[in-house]
Amino acid sequence: MAERIITGFHAIEEKVLKAKDSGKAEGMRIVYSKPGPRVKKILAAAKEAGIPCSQSDDKSLDGMVQGLPETSRDHRGIVLCLSGEQAKTRNLVEFNEWLLAAGAKSEDERQVVVVLDSVTDPHNVGAIIRSCDQFGASLVVVPERRGAKDVENNEVIARSSAGSSAWVPVAVVSNLVRTVQQLKESGFWVYGADAGGSTLQDVQFANRTVIVMGSEGTGIARLLEEQCDQIVSIPTCGKIDSLNVSVAAGVLLYENYRQSLKK
């Protein structure tokens with residue numbers, strides 16, 4: 001497996017802290033140029049985690065990030081290199097195993113699953129994962145097709161999530177409709193985000209909640225929408241048609257979290 005390059009202060013810092021907590025730093029190394037305050041903080045954490053660090057120059061770092069998507073090439077003077085087992089994404093989970101563990105938990109325990117249907121922009125996927133981390137979502141489900149490509153190793157997702165993609169469990173499935181059916185069989189209540197549904201402030205989320213987000217262009221696929229127990233709409237007052245999908249997901253996740261604080 002080729003060496004994987006991570007850029008972005010948040011993404012690097014989260015990987016380093018995770019290695020520090022787990023004691024597993026093998027296959028990780030950091031290359032930096034001019035150590036500003038933020039870089040020095042990361043280097044200090046890397047030293048504690050046992051991650052080797054070497055100083056180079058910006059020209060060398062430019063070469064290392066050349067193969068990354070354009071939005072990930074702004075290394076800001078530091079890159080994290082992963083090889084071997086470390087190059088594999090650690091937050092990927094097998095859906096059936098996750099569901100078995102979730103089913104064993106108390107029905108009173110809050111569990112939130114976010115299902116992304118045809119959300120192909122990795123920036124949006126990353127931003128949604130970041131909101132999932134902030135508001136305590138349990139799992140993000142993405143399809144093998146009709147989704148952001150190579151979600152396992154997508155650096156744009158990692159960067160847009162501000163490092164949250166290192167923590168939030170993600171399951172890649174072949175059939176979203178069947179996956180949602182399985183969640184319903186395990187006691188989850190399914191809410192689809194779309195226009196013309198119940199107004200958000202009138203919705204009372206269940207302890208076991210699935211939030212389905214569709215693409216900004218076509219919305220939720222018909223067969224998947226038929227699996228939803230309730231359609232939820234976010235009231236707005238703007239002049240354009242709708243919210244960005246990542247913003248809408250953040251609003252729904254916040255409201256779900258807010259309601260959980262009152263239970």
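Presented here is a report on the structure given in the accompanying data block. (Residues numbered from 1 in each chain as written. Predicted model: local features only at pLDDT ≥ 70, side-chain atom pairs only at ≥ 80, totals over all residues. Heavy atoms only, no water.)

## What to know about helix 5 (residues 122–134)
Item 1. For helix 5, built from 13 residues, the straight-helix expectation of 18 Å at 1.5 Å per residue is met to within 8% by its first-to-last C-alpha distance of 18 Å.
Item 2. Of the positions making up helix 5, those classed as buried are Pro-122, Asn-124, Val-125, Gly-126, Ile-128, Ile-129, Ser-131 and Cys-132.
Item 3. The N-terminus of helix 5 is capped by Asp-121, whose side-chain oxygen sits 2.8 Å from the backbone nitrogen of His-123.
Item 4. Downstream of helix 5 by one or two residues, Gly-136 has phi in the positive range, about 75°. (Helix = DSSP H or I, 4+ residues; strand = E, 2+ residues; numbered from the N terminus. Expected span 1.5 Å × (residues − 1). Buried < 20%, exposed > 50% of the residue type's maximum accessible area, 1.4 Å probe, protein only. Polar contact = N/O pair within 3.5 Å; in protein donor to acceptor, adjacent residues only side chain to side chain.)

## Observations regarding the side chain of Glu-13
Item 1. In this fold, Glu-13 is placed in helix 1 (residues 9–22).
Item 2. For Glu-13, a relative accessible area of 13% translates into the label buried.
Item 3. Excluding residues within four positions of it along the chain, Glu-13 makes contact with Arg-38, Lys-41 and Ile-42. (Contact = heavy atoms within 4.5 Å.)

## Some thoughts on a nonpolar patch on the surface
Item 1. Where nonpolar side chains cluster on the molecular surface, the patch consists of Tyr-254, Tyr-257 and Leu-261 and spans about 300 Å² of accessible area.
Item 2. Looking at where Leu-261 falls in the secondary structure, it is placed in helix 9 (residues 245–261). (Patch = residues over 30% accessible without salt bridge, like charges linked within 9 Å, V, L, I, M, F, W, Y side chains within 5 Å. Areas by Shrake-Rupley, 256 points an atom, 1.4 Å probe, with all protein chains shown as cover. Salt bridge = Lys/Arg side-chain N within 4 Å of Asp/Glu carboxyl O.)

## With respect to the sheet that holds strand 10 (residues 230–233)
Item 1. Taken together, the six strands give an open sheet; going across it, the order is 7-6-5-9-8-10, and neighbouring strands pair in parallel fashion. Edge strands, defined here as strands with exactly one partner in the open sheet, are strand 7 (170–173) and strand 10. If you compare each strand with its neighbour and ignore which way they point, the axes differ by 30° on average.
Item 2. Bridge analysis of strand 6 (residues 139–143) against strand 7 gives four bridges, and the strand direction is parallel. Its bridge partner being in strand 7, Val-141 is matched across the sheet by Ala-171.
Item 3. Strands strand 5 (111–116), strand 6, strand 7 and strand 9 (208–213) of the sheet are contacted by helix 4 (residues 95–103), whose axis makes an angle of about 155° with strand 5. (Pairing = 2+ DSSP bridges. Axes fitted to C-alpha atoms, helices over the stretch in contact; angles between N-to-C directions.)

## Observations concerning the pattern of salt bridges
Item 1. For the structure on display, the rule yields seven salt bridges.
Item 2. A salt bridge links Glu-185 to Arg-178; the nearest nitrogen and oxygen atoms lie 3.5 Å apart.
Item 3. Glu-255 is paired through a salt bridge with Arg-258; the nearest N and O atoms lie 2.7 Å apart. Linking Glu-255 with Arg-258, this pair stays in helix 9, spanning three residues, or about one helical turn.
Item 4. Using a relative accessible area of 10% as the deciding quantity, one classes Glu-255 as buried.
Item 5. One continuous salt-bridge network, built from bridges that share partners, spans Glu-13, Arg-38 and Lys-41.

## Here we look at the environment of Asp-194
Item 1. Mapped onto the elements, Asp-194 comes out in strand 8 (residues 189–199).
Item 2. A residue is classified by how much of its surface remains accessible, and Asp-194, at 29% relative accessible area, is partly exposed.
Item 3. Note: C-alpha distance between Asp-194 and Met-213 (19 residues apart in sequence) is 8.0 Å.

## Quick look at the packing of helix 1 against helix 2 (residues 37–49)
Item 1. Put simply, helix 1 and helix 2 touch, their axes get as near as 8 Å, and they point 20° apart. Taken together, helix 1 and helix 2 sit at an angle that is classed as roughly parallel. Seen from above, helix 1 lies across helix 2 with left-handed handedness. Taken together, the residues of helix 2 that come into contact with helix 1 (itself represented by Phe-9, His-10, Ile-12, Glu-13, Val-16, Leu-17, Ala-19 and Lys-20) are Arg-38, Val-39, Lys-41, Ile-42, Ala-45, Ala-46, Glu-48 and Ala-49. (Parallel < 35°, antiparallel > 145°, perpendicular 65-115°, else oblique. Left-handed = near helix turned anticlockwise from the far one by under 90°.)

## Points about the packing of aromatic side chains
Item 1. In the structure shown here, the tally under the stated rule is four aromatic pairs.
Item 2. Centre to centre, the rings of Trp-98 and Phe-188 are 6.3 Å apart; their planes meet at 40°, and the pair counts as tilted. One end of the pair, Trp-98, is in helix 4; the other, Phe-188, is in the loop between helix 7 (176–185) and strand 8, and 90 residues separate them in sequence. Assigned by exposure class, Trp-98 and Phe-188 land together as buried.
Item 3. With a centroid separation of 6.1 Å and an interplanar angle of 40°, the aromatic rings of Phe-135 and Tyr-257 are classed as tilted. Here Tyr-257 lies in helix 9 and Phe-135 lies in the loop between helix 5 and strand 6, a separation of 122 residues in the sequence.
Item 4. On the basis of relative accessible area, Tyr-257 is assigned to the partly exposed category, the value being 31%. (Phe/Tyr/Trp six-rings, centres within 6.5 Å; stacked < 30°, edge-to-face > 60°.)

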